[in-house]
Amino acid sequence: MTLSYPRKARRAALCAAFALLGSPLCAQPAPSGAGAADERGLTALELLGKRVFEDASLSLPAGVSCASCHDAATAFQGNNGSSVPAVARGSLPTSLGKRNTPSIMYASFAPPFEFIDDKDEETGKIEKIPAGGQFFDGRARDLLAQVEGPMLDPLEMNAPSKRFIVETVQGGAYADLARQVYGHKVFADPDAAFVKLAQAVVAFEASARFHPFTSKFDDYLRGQAQLTALEKKGFELFKDPKKGNCLACHAGKEDSRNPQDWLFTDFTYDALGGPRNKAIPSVAKPHSAADLGLCARPGLAEVAPADFKVESVCGAFKVPTLRNIAVTGPYLHNGVFDKLRDVVAFYATRDTDPGRWYPKDRRGKPEKYDDLPPSAHDNVNVEEVPYDRKPGEKPRLSEKDVDAIVAFLETLTDRPKP
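What counts, and where the lines are drawn
Residues numbered from 1 in each chain as written. Predicted model: local features only at pLDDT ≥ 70, side-chain atom pairs only at ≥ 80, totals over all residues. Heavy atoms only, no water. Buried < 20%, exposed > 50% of the residue type's maximum accessible area, 1.4 Å probe, protein only. Helix = DSSP H or I, 4+ residues; strand = E, 2+ residues; numbered from the N terminus. Arc of directions from axis to C-beta. Contact = heavy atoms within 4.5 Å. Polar contact = N/O pair within 3.5 Å; in protein donor to acceptor, adjacent residues only side chain to side chain. Salt bridge = Lys/Arg side-chain N within 4 Å of Asp/Glu carboxyl O. Pairing = 2+ DSSP bridges.

Caption draft 1: Up close: helix α4 (residues 143-152). Along α4, the residues classified as buried are Leu143, Gln146, Val147, Pro150 and Met151. Looking down the long axis of α4, one finds its buried residues gathered within 130° of arc, a one-sided arrangement. On its buried face, α4 sits against α2 (44-53), α3 (66-69), α5 (162-170) and α7 (190-205). The N-capping residue of α4, defined by a side-chain oxygen 3.3 Å from the backbone nitrogen of Leu144, is Asp142.

Here it is in structure tokens:
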């Protein structure tokens, strides 16, 4: 399934929502002082969001902003110079995150977290499954909720309160821009002001620079570029339900030439059973708890259907977009893979050659799914292609097939506009 929304419709809905919340200036041009190349074309609201996004004074101690871990040079993904590539460094010298930082490119296309109908193509049975939201575990219902998390997280920006954020902006260089957008009383109520500043960040993250659709693949869809023989082979393997079967989760409309129909995610959640990354300090500790992903999402049981078993999604994480995947490593929720090729090869040979990916026990047997407790092993996807293989069987993808798919994935990197 593909849960995408036309850009104009999303922008209109976003502006309408802001209007209801007291911001009628969604389309107001940015002030004349906004002359930087990456600020041209932004509305005043989007520019305010950019200022908040890049403000390193909002952390405690000062020095870390949203942009520190969401670097425009790497498709708004990064680790703020962390000594552990898989997790970001926070504002405190000793602070390191627990998960890989997701890219926020194309994040505004994700629908709010909810349970949606999923129809089994073979049986016709319909069941409710979780989809949408932000973060790998969907704990933020939408982008607005996502903004708050890193700002107040002790391991990230470490701001002590929403009031601290608001008062810092109020005393800073762009306070007048906030007043221009929201009115001169914008800072009167700190809680309301925080929401408005977060709305501005959402507006910035929903602007065209976060979804430019300027990759080689987009030009190919428009008929303005051709794929090489290797890239074309990779695309065919990517789509083939008996080979890569990547479209099962990294969705796109095969009959569409519209780039917006190719977001390369269906926004659902899947348990891949990726190897444990012991380079993450919180994981390296003796008897450290496994990251259970979606089933540990706060409030999941309250929003789930009555017959939904929360434990059935332990180990499941959100399916990321593959757009810009070649420049947003490391990979998986725990950043266990440094190279894109390793991820594709893992998909292909996880079950045919588990010893390639997992540590071995005393008897030399691979400890599959070592990042999950045994109670969650049955949740790992072993039914869909290419996971439907057993040790010793021929994998769905050869090593050359893996190379071809990687070549195709490299066509999904957005290029600067001329």
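The discussion continues.
Caption draft 2: Quick look at the pattern of salt bridges. Under the defined criterion, the tally for this structure stands at 29 salt bridges. Across the pair Lys216 and Glu231 runs a salt bridge, and its minimum N-O distance is 2.8 Å. Of this pair, Lys216 sits in helix α8 (residues 216-221) while Glu231 sits in helix α9 (residues 229-239), and the two are 15 residues apart along the sequence. The exposure class assigned to Glu231 is buried, which follows from its relative accessible area of 12%. Here Asp361 and Arg363 are joined by a salt bridge, their closest N and O atoms 3.8 Å apart. Residue Asp361 is classed as partly exposed on the basis of its relative accessible area, which comes to 22%. A residue is classified by how much of its surface remains accessible, and Arg363, at 73% relative accessible area, is exposed. One network of salt bridges, in which partners are shared, links Asp38, Glu39, Lys50, Arg51 and Glu54.

Caption draft 3: The pairing of strand β1 (residues 114-119), seen in detail. As paired strands, β1 and strand β2 (residues 126-131) are joined by six bridges and run antiparallel to one another. Looking across to β2, one finds that Asp118 is bridged to Glu127. The antiparallel pairing of β1 with β2 creates a hairpin that spans six residues between the two strands, and Gly124 there sits at a positive phi of about 80°.

Caption draft 4: Region of interest: helix α12 (residues 340-349). In terms of burial, α12 is largely enclosed, as eight of its 10 residues are buried. Burial in α12 covers these residues: Leu340, Val343, Val344, Ala345, Phe346, Tyr347, Ala348 and Thr349. Taken together, the buried residues of α12 touch α13 (399-409).

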